Amino acid sequence: MRKFLYILPLFISCISFPTSYDRIEPDKVRLLDFIYEPAEAAPGDTVTVKAIFSGRKIMPTDLTWKISYTVVTNLYGVNTALDTHLLEQNAQLCSFSDSTTCISFDMVIPDDILQKNPTIPENWQSELPDEFVNSIPEPFRSMNKKTILDSIHSLANLVNETDENLLQLITANNNTFSTVLPRLLQALSVQIRLYAQIKGAHTIESNYIVRYNTRFSKLSQAGIYLNRNPVIDSIGVYKVKGKNLFSYNPEKNKHEFFRLYETHETVDDAPAIPIEKGYSYFLASFTSQKDKEMTIEGNIIEEQHWTEWYYQLNKNEIDGVSVDDYLMIGGMGDSVSQLIAPADKRIKSFVLWLKVTDRLLNVINRPQGSTVKEFKGSFEYK
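Overview of the structure. (Residues numbered from 1 in each chain as written. Predicted model: local features only at pLDDT ≥ 70, side-chain atom pairs only at ≥ 80, totals over all residues. Heavy atoms only, no water.)

Okay, the overall build of the chain next. Within the chain, the regular secondary structure consists of seven helices and 21 strands. Taking all 382 residues of the chain together, 47% fall into the buried category. Sequence-distant contacts in the chain: of pairs separated by 6 or more residues, those separated by 24 or more amount to 70%. Looking at the chain as shown, the accessible area adds up to about 19900 Å², and 51% of this sits on carbon and sulfur atoms. (Helix = DSSP H or I, 4+ residues; strand = E, 2+ residues; numbered from the N terminus. Buried < 20%, exposed > 50% of the residue type's maximum accessible area, 1.4 Å probe, protein only. Contact = heavy atoms within 4.5 Å. Areas by Shrake-Rupley, 256 points an atom, 1.4 Å probe, with all protein chains shown as cover.)

Next comes the structure, spelled out in structure tokens:
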């Protein structure tokens, strides 16, 4: 076994794979993102689902949607969706870009999803960490599932009907809001799972979180936060002197910067990135709307934004070109990623997609926001 582990990397390095995760091909369907608006919902809310596909064009009739309102997870790696059934929806085409297919529909969250969901047991605190439970004072801790959910629901109605000035007075003088309610809302949250079966192809799954935070949106000063989808402000390319650099810190300010534009620009109108020997290139993303959340330890932490890049090349420009000579993108996840320009100068134009998801650890069932944006550009070889 030890010998095999040493040989395997050498063996793989000699193989040219026909496709890669980040490269979009015109004959294959590729999901770029499920965008939920809003990024989190409460029982009874309506959520708009947008599925953004690239590659081979598809129609709403090419998709079969299923849903599970009961997703069982635990600390031991169990992650199972139960009672999966067809989702009634009226999916239709939506506008995104010429290089993608956008399919959208509205999804209504059941009013009783928390009450009926077995992942919140009757003894609702039994599956939670001891330190988390101990931070919740009586009488909340001794309430059963029905009582605590009824109390949350009544309190949410009271908050929505209460004058803003009175809310500020309550939260300033009552520590219950700032210490107990955020923890209760984390504990009383559930996950649902959405499935999209592509006709003649694969099935895609996506998770979504339901909790009561949106009902308490007036109480951000009490540590109750909403998670929203990230915003992509812009992207660009750093040109840095030095060959084969793997990373670059823009704070060094030793670069030229070339901004790329959004989907309304044609490839012909897109800015050209000058490719020269002796230089390295890096993709840069600029995002905003970083939300905060209270962790299970009671700390207020700001989320991180995680980047994924996808690209598609002009089919006329890659005819007869080896895939080894295509462009490459490395170091995904960070705001700055390595861009290796094509080795074949016949490749001059590209379509680029940036997907951004948010991340924050130590929060029970935290909703994950995401977004995607398309850009166009070209290479100019010096």
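Right, picking up where we left off after that structure.
With that out of the way, let us pick up the environment of Y381. As for its placement among the helices and strands, Y381 is situated in strand β21 (residues 370–381). Taking C-alpha positions, Y381 is 8.3 Å from I273, a pair spaced 108 residues apart along the chain. Apart from residues lying up to four places away in sequence, Y381 is in contact with I275, P342, D344, K345, I347 and K348. Looking at Y381, its side chain comes within polar contact range of the main-chain oxygen of I347, at 2.5 Å. (Polar contact = N/O pair within 3.5 Å; in protein donor to acceptor, adjacent residues only side chain to side chain.)

This next bit is on the sheet that holds strand β9 (residues 190–198). An order of β6-β3-β9-β10 is seen for the four strands of this open sheet, with the pairing classed as antiparallel. Looking at strand neighbours, the two that pair on one side only are β6 (85–86) and β10 (203–210), the edges of this open sheet. (Pairing = 2+ DSSP bridges.)

The subject of this paragraph is the pattern of salt bridges. Any two side chains of opposite charge can pair, on the condition that their charged atoms come close. Counted by the stated rule, this structure contains 19 salt bridges. Between K239 and E256 there is a salt bridge, with the nearest N and O atoms lying 3.9 Å from each other. Of the two residues, K239 sits in strand β11 (residues 231–241) while E256 sits in strand β12 (residues 255–260), which places them 17 residues apart along the sequence. The exposure class assigned to K239 is buried, which follows from its relative accessible area of 3%. Two residues, E276 and K239, come together in a salt bridge whose shortest N-O distance is 2.5 Å. Taken together, the residues E276 in the loop between β13 (272–275) and β14 (279–288) and K239 in strand β11 connect sequence positions 37 residues apart. Several salt bridges converge on common partners, so that one network encompasses E40, R211, E293, E303, D358 and R366. (Salt bridge = Lys/Arg side-chain N within 4 Å of Asp/Glu carboxyl O.)

Taking 1.5 Å as the rise per residue, helix α4 (residues 145–161) with 17 residues should run 24 Å; its terminal C-alpha atoms sit 25 Å apart, in good agreement. Two to three positions downstream of the cap, the backbone nitrogen of K146 sits 3.3 Å from a side-chain oxygen, assigning the N-cap of α4 to N144. (Expected span 1.5 Å × (residues − 1).)

On to the pairing of β14, then. As paired elements, β11 and β14 share ten bridges and run antiparallel to each other. Note on β14: the bridge partner recorded for Y238 is F282. When β14 meets strand β19 (residues 336–340), the two strands line up antiparallel, connected through four bridges. Across the sheet, L283 pairs through a bridge with S337, a residue of β19.

Side chains that are nonpolar tend, in soluble globular proteins, to be buried together. F53, W65, M107 and F216 are the most contacted members of the largest nonpolar core, which has 53 residues in total. Setting aside residues no more than four positions away along its own chain, M107 makes contact with Y36, D45, T46, V47, V49, I67, I192 and L194. I273, V321, I347 and F350 belong to the second largest nonpolar core, which has 26 residues in total. (Core = buried A, V, L, I, M, F, W, Y, C linked by side-chain atoms within 4.5 Å.)

Our focus in this paragraph is the sheet that holds strand β2 (residues 46–55). Taken in spatial order, the four strands of this open sheet run β1-β2-β8-β7, and their pairing is antiparallel. The outermost strands of the open sheet, each flanked by one partner alone, are β1 (29–37) and β7 (92–94). Pairwise comparison of adjacent strand axes, ignoring direction, gives a mean angle of 30° for this sheet. Two elements, β1 and β2, share eight bridges in a ladder whose sense is antiparallel. Each bridged residue has a counterpart across the sheet, and for V29 the counterpart in β2 is G55. (Axes fitted to C-alpha atoms, helices over the stretch in contact; angles between N-to-C directions.)

Shape is all these values report; function is a separate question.
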